[in-house]
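Spelled out from the first residue to the last, the chains are:
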Amino acid sequence: MTRPLDVEKLRNYRIPEARDDYDPRDVILYALGVGAGLSEEIDETGFLYERQLQVVPTMGVVLGSPGFWGMDPACGIDWANVMHGEERLQLFQPLEPSGTLIGETRVTDLADKGEGKPALVRSIKELRTPGGTLVAEVVETWIVRGAGGFDGQRDLPGDPLPAVPDRTPDFQVDLPTSVNQAAIYRLSGDRNPLHIDPQFARSVGFDRPILHGLGTMGVAARALVHACCGGQAAQLREIGLRFTAPVYPGDTIRTVIWQEGATLHFQAEALGRGSRVIDNGYAVIGG
């Protein structure tokens, strides 16, 4: 049974600050969680070997994260009905293979699609060094099914994600995932049972556990790095996207990319199921 979002509880809730002291082992575990090393055509030793180790840029979404804070009853969200809507990451400097980063997350905006319809919850995480230098900003939007009806504004403020160009893509990259992909990815911090517990997944309408949306984002980011950055992860400075359908562990994800100078647009689909899993993707690259 669904219920409207408890706006007062959510507005008063303070998302815990999170500090990550991380090292190459954590960097490699994250890379494995987003499928690095599974492709037979692409050499990804640079993401998996501590010598000259590169960080998959989307690791910024898990560093300094309090995990799935929506599971805390004090926040007023019916967490079992949360789905990932959109994610945007901006890196102000490349991530180092080891270090300490502190994340401060706050809810910034809510939208009410109507009684019995979804609510949207937008949050922002600022990722800083202990000295206060801003390293990254992450903007996340959750869809909370059936949580509308609290008399809020209908739409979130700000510009929507851009549409992809109406022409043939410039690049196409197919990357596999493994059947235990979600089981590995969750070790980087998101312990939502939707991604590991078959019984829970069925209880919320899925045949089996699905891959984390942010895991899918990591796969797409790897495709962008290989197609447009010459394999140099630090060149990916910004990425945003909308999640449109679930990925199941074991799916192969095809990312199609349009390049317009330093700006990339992209979509992704799960091959074999004909399901578009990412839309309105954009990225910014640069040296």
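Procedures and definitions
- Residues numbered from 1 in each chain as written.
- Predicted model: local features only at pLDDT ≥ 70, side-chain atom pairs only at ≥ 80, totals over all residues.
- Heavy atoms only, no water.
- Helix = DSSP H or I, 4+ residues; strand = E, 2+ residues; numbered from the N terminus.
- Rg over C-alpha atoms; globule rule 2.2 N^0.38 Å.
- Buried < 20%, exposed > 50% of the residue type's maximum accessible area, 1.4 Å probe, protein only.
- Contact = heavy atoms within 4.5 Å.
- Areas by Shrake-Rupley, 256 points an atom, 1.4 Å probe, with all protein chains shown as cover.
- Salt bridge = Lys/Arg side-chain N within 4 Å of Asp/Glu carboxyl O.
- Core = buried A, V, L, I, M, F, W, Y, C linked by side-chain atoms within 4.5 Å.
- Polar contact = N/O pair within 3.5 Å; in protein donor to acceptor, adjacent residues only side chain to side chain.
- Phe/Tyr/Trp six-rings, centres within 6.5 Å; stacked < 30°, edge-to-face > 60°.
- Expected span 1.5 Å × (residues − 1).
- Pairing = 2+ DSSP bridges.
- Axes fitted to C-alpha atoms, helices over the stretch in contact; angles between N-to-C directions.

The next point concerns the overall build of the chain. The secondary structure content of the chain amounts to 6 helices and 10 strands. Scaling as 2.2 N^0.38, a compact globule of 287 residues should have a C-alpha radius of gyration of about 19 Å, and the chain matches this with 18 Å. Viewed in the frame of its principal axes, the chain has a C-alpha envelope of about 50 × 45 × 40 Å. Across the 287 residues that make up the chain, the buried fraction comes to 51%. Within the chain, contacts between residues separated by at least 24 positions form 74% of all contacts whose residues are at least 6 apart in sequence. Of the roughly 12,800 Å² that the chain leaves accessible, carbon and sulfur atoms contribute 47%.

As a further point, take the pattern of salt bridges. What the rule picks out here adds up to 11 salt bridges. Put simply, Arg273 and Asp251 hold a salt bridge, and the shortest N to O gap is 2.6 Å. With a gap of 22 residues between them, Arg273 in the loop between strand E9 (263-270) and strand E10 (275-285) and Asp251 in the loop between strand E7 (236-243) and strand E8 (252-260) connect regions that are remote in the sequence. The partly exposed category is assigned to Arg273, whose relative accessible area is 35%. Taking the relative accessible area as the measure of exposure, Asp251 reaches 9% and is therefore buried. The partner of Asp279 in a salt bridge is Arg276, with the nearest N and O atoms 3.5 Å apart. A relative accessible area of 13% means that Asp279 is categorised as buried.

On to the nonpolar core, then. Met59 and Phe266 are the most contacted members of the largest nonpolar core, which has 54 residues in total. At 9 residues, helix H6 (residues 213-228) tops the list of elements feeding residues into this core. Apart from residues lying up to four places away in sequence, Met59 is in contact with Tyr22, Asp26, Val27, Tyr30 and Leu95. Ranked by size, the runner-up nonpolar core spans 17 residues in total, among them Leu10, Ile15, Ile77 and Phe150.

On to helix H2 (residues 24-33), then. The periodicity of an α-helix, 3.6 residues per turn, causes residues three or four positions apart to be oriented the same way. Among all positions in H2, only Val27, Ile28, Tyr30, Ala31 and Gly33 are buried. On its buried face, H2 sits against strand E1 (18-22), helix H3 (45-48), helix H4 (181-185) and H6. Sitting at the head of H2, Asp23 places a side-chain oxygen 3.0 Å from the backbone nitrogen of Arg25. Phi for Gly35, located one or two positions after H2, is positive at around 90°.

Attention now goes to the packing of aromatic side chains. Across all of its chains, the model carries 6 aromatic pairs by this definition. Seen from their ring centres, Tyr13 and Trp69 are 5.9 Å apart, and the 20° between their planes marks the pair as stacked. Of this pair, Tyr13 sits in the loop between helix H1 (7-12) and E1 while Trp69 sits in the loop between H3 and strand E2 (82-91); the two residues are 56 residues apart in sequence, bridging distant segments of the chain. Judged on exposure class, the residue Tyr13 and its partner Trp69 are both buried.

Under the 1.5 Å per step criterion, the end-to-end length of H6 is 22 Å for 16 residues, consistent within 8% with the ideal 22 Å. Judged by how many residues are buried, H6 sits mostly within the fold: 14 of 16 residues are covered. Directly beyond the C-terminal end of H6, a positive phi value near 60° is found at Gly230.

Right, let's talk about unusual backbone geometry for a bit. Even without a glycine there, the phi angle at Gln52 is positive, about 55°. Tracing the backbone shows Gln52 in the loop between H3 and E2. One non-glycine residue, Asn280, lies in positive phi territory at about 55°. Within the element layout of this structure, Asn280 appears in strand E10.

We now examine the pairing of E10. The buried count for E10 comes to 9 of 11 residues, which makes it a mostly enclosed element. Sheet topology note: the E7/E10 ladder contains 6 bridges and is antiparallel. Note that in E10 the partner of Arg242 across the bridge is Asp279. Relative to E10, E9 is paired through 7 bridges, and the arrangement is antiparallel.

A separate point is the side chain of Thr255. Tracing the backbone shows Thr255 in strand E8. With residues near it in sequence (within four places) discarded, Thr255 still touches Phe171, Gln172, Val173, Ala220, Ala223, Phe266, Gln267 and Ala268.

A few words now on the sheet that holds strand E4 (residues 119-128). The strands that make up a sheet pair up through hydrogen bonds in the backbone, lying either parallel or antiparallel. As summarised here, the arrangement of the 10 strands in space is E1-E3-E4-E5-E2-E7-E10-E9-E8-E6, forming an open sheet in which the pairing is antiparallel. Both outer strands of the open sheet, E1 and strand E6 (171-176), are each paired with one neighbouring strand and no more. Averaged over all adjacent pairs, the angle separating strand axes in this sheet is 20°, with direction ignored. Together, E2, strand E5 (134-144), E6, E7, E8, E9 and E10 form the strand contacts of H6, whose direction differs from that of E7 by roughly 135°.

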